[in-house]
Every structure is written in C-alpha cells, then in structure tokens.
Amino acid sequence: MPKPVEVTTPSDREVVVTRTFDAPAKLVWDAHTRPELIRRWLIGQPGWSMPYCVVDLRVGGKYRYVWRNEADGAEFGSHGEHLEIERHARLVTTEWMDGLDGQPIDHANPLEVGDPSVNTLTLVESGGRTTLTMSMVFPSAEARDMAVGSGMSDGMAMSYDMLDGVLGSQTVG
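Okay, so let's go over this structure. What you see is a predicted model, and the numbers here were worked out from it, not measured in a lab.

This paragraph deals with the packing of helix α1 (residues 25-33) against helix α4 (residues 152-168). Contact geometry of α1 with α4 gives a least axis separation of 11 Å together with a crossing angle of 115°. Judged by the sense of rotation from one axis to the other, the crossing of α1 with α4 is right-handed. Contacts from L27, V28, A31 and H32 in α1 reach Y160, L163 and L167 in α4. For the contact of α1 with α4, a count of residues per class yields 6 nonpolar, 1 polar and no charged.

With that settled, the discussion passes to the environment of R40. Among the secondary structure elements, R40 is positioned in helix α2 (residues 35-41). For R40 and V166, which are 126 residues apart along the polypeptide, the C-alpha to C-alpha distance reads 7.1 Å. Once you skip the residues sitting within four places of it in the chain, R40 turns out to touch V166, S169 and Q170. One polar contact links R40 to S169, side chain to side chain, over a distance of 3.2 Å.

Turning our attention to the environment of L27. Among the secondary structure elements, L27 is positioned in helix α1. Look at L27 and you get buried, because its relative accessible area is 6%.

Moving on: the side chain of E75. With respect to the helices and strands, E75 occurs in strand β5 (residues 75-86). Engagement of the side chain of E75 in a polar contact is seen with the side chain of H107, the distance being 2.8 Å. In contact with E75, not counting residues within four places along its chain, are P51, V66, W67, R68, G99, I105 and H107.

A complete count under the given rule lists 12 salt bridges for this structure. Between R90 and E84 there is a salt bridge whose closest N-O contact spans 3.1 Å. The class of R90 is partly exposed, set by a relative accessible area of 28%. Overlapping salt bridges, with partners in common, bring together K26, D30, R34 and E36 in one network.

Thresholds, definitions, all that
- Residues numbered from 1 in each chain as written.
- Predicted model: local features only at pLDDT ≥ 70, side-chain atom pairs only at ≥ 80, totals over all residues.
- Heavy atoms only, no water.
- Axes fitted to C-alpha atoms, helices over the stretch in contact; angles between N-to-C directions.
- Helix = DSSP H or I, 4+ residues; strand = E, 2+ residues; numbered from the N terminus.
- Left-handed = near helix turned anticlockwise from the far one by under 90°.
- Contact = heavy atoms within 4.5 Å.
- Nonpolar A, V, L, I, M, F, W, Y, C, P; charged D, E, K, R; others polar.
- Polar contact = N/O pair within 3.5 Å; in protein donor to acceptor, adjacent residues only side chain to side chain.
- Buried < 20%, exposed > 50% of the residue type's maximum accessible area, 1.4 Å probe, protein only.
- Salt bridge = Lys/Arg side-chain N within 4 Å of Asp/Glu carboxyl O.

Right, dumping it as structure tokens:
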C-alpha cells in the first residue's frame, strides 16, 4: 500500500515534501546518489524512463538526469551542482530544468538559464525507518507555482512508491 507524501508550501518560493521509508538512512541515501539505483525509481509516471543519469558525488560535482517518454520520445532534464554533502543525512544541490518547453535537449551539455532552485534533502533515521524531507527553494514565486502546477507532487509520490520496492531489494553494505 502506498505511503502518503506530505507536501507543504511554507513560503511563496518553497515546497517541502516529506515521506517515510521502512529502510535505514544509508539505503535511502544510496538510492538518491547511485545512478544504477536512481534509474530504477526516479521515473514518475508509467511510460517514462531515465536514459541518462550521471552523478559526481562531491562538493562542486555535477549531476544530470534525463527522462524520456517512451511513447513519443519527448525528453526533459534536470541538472545541477552538489553544494553540501553529509553522507546518509543531508545533500544540498542546485537544480535547473531543461526541455520543459518541448525543445530538444543535450544530454551531456545542459542549458543553465536563469537562477536555479536550491534543494535540500534531509534523512533522519529512527528505529530502522527513515524520514526524508526535500525542501525546494525556487528562484521566484512564479517558478514555484509552475513546478507545483506541473504535477510534480504526483510524480514524486509515484517515484517514492517505486523507491519502496528498490529499497526492499537492497541490503546495507
């Protein structure tokens, strides 16, 4: 049974998503930082895949995700830089989106137009369960409203449900 995702908008530029997983923080962390695991769950709605996923997990390192609609080949991407890394507990990144306007995207050389959002992933483990909090601070109220209006929350809820399955297949190493 899917677990609820709590979505709040504490300010005119911020969205906070909270979800609890029946897994230790290390496994939830790995699922957010290892490309081979990210590709298995961070795909949102059925019919989408992630053909391109690169993560250079170090402060100043970059990440790049590209999603593809398998029915029509449409793609969009997300990319940014790691600003802070506290293994198994906190990850702060910038994030730009591209391809949302239907224009073709370059997988390896994404565009950086405007200011990025700043995302803070926090993991808190208690009794073998981990509460994930994702705070996304957008460059403007309009950017936040566009993200919220895009169905982002539904896509995140679907992805987190898939993450439950990925976590169930992993072991702490």
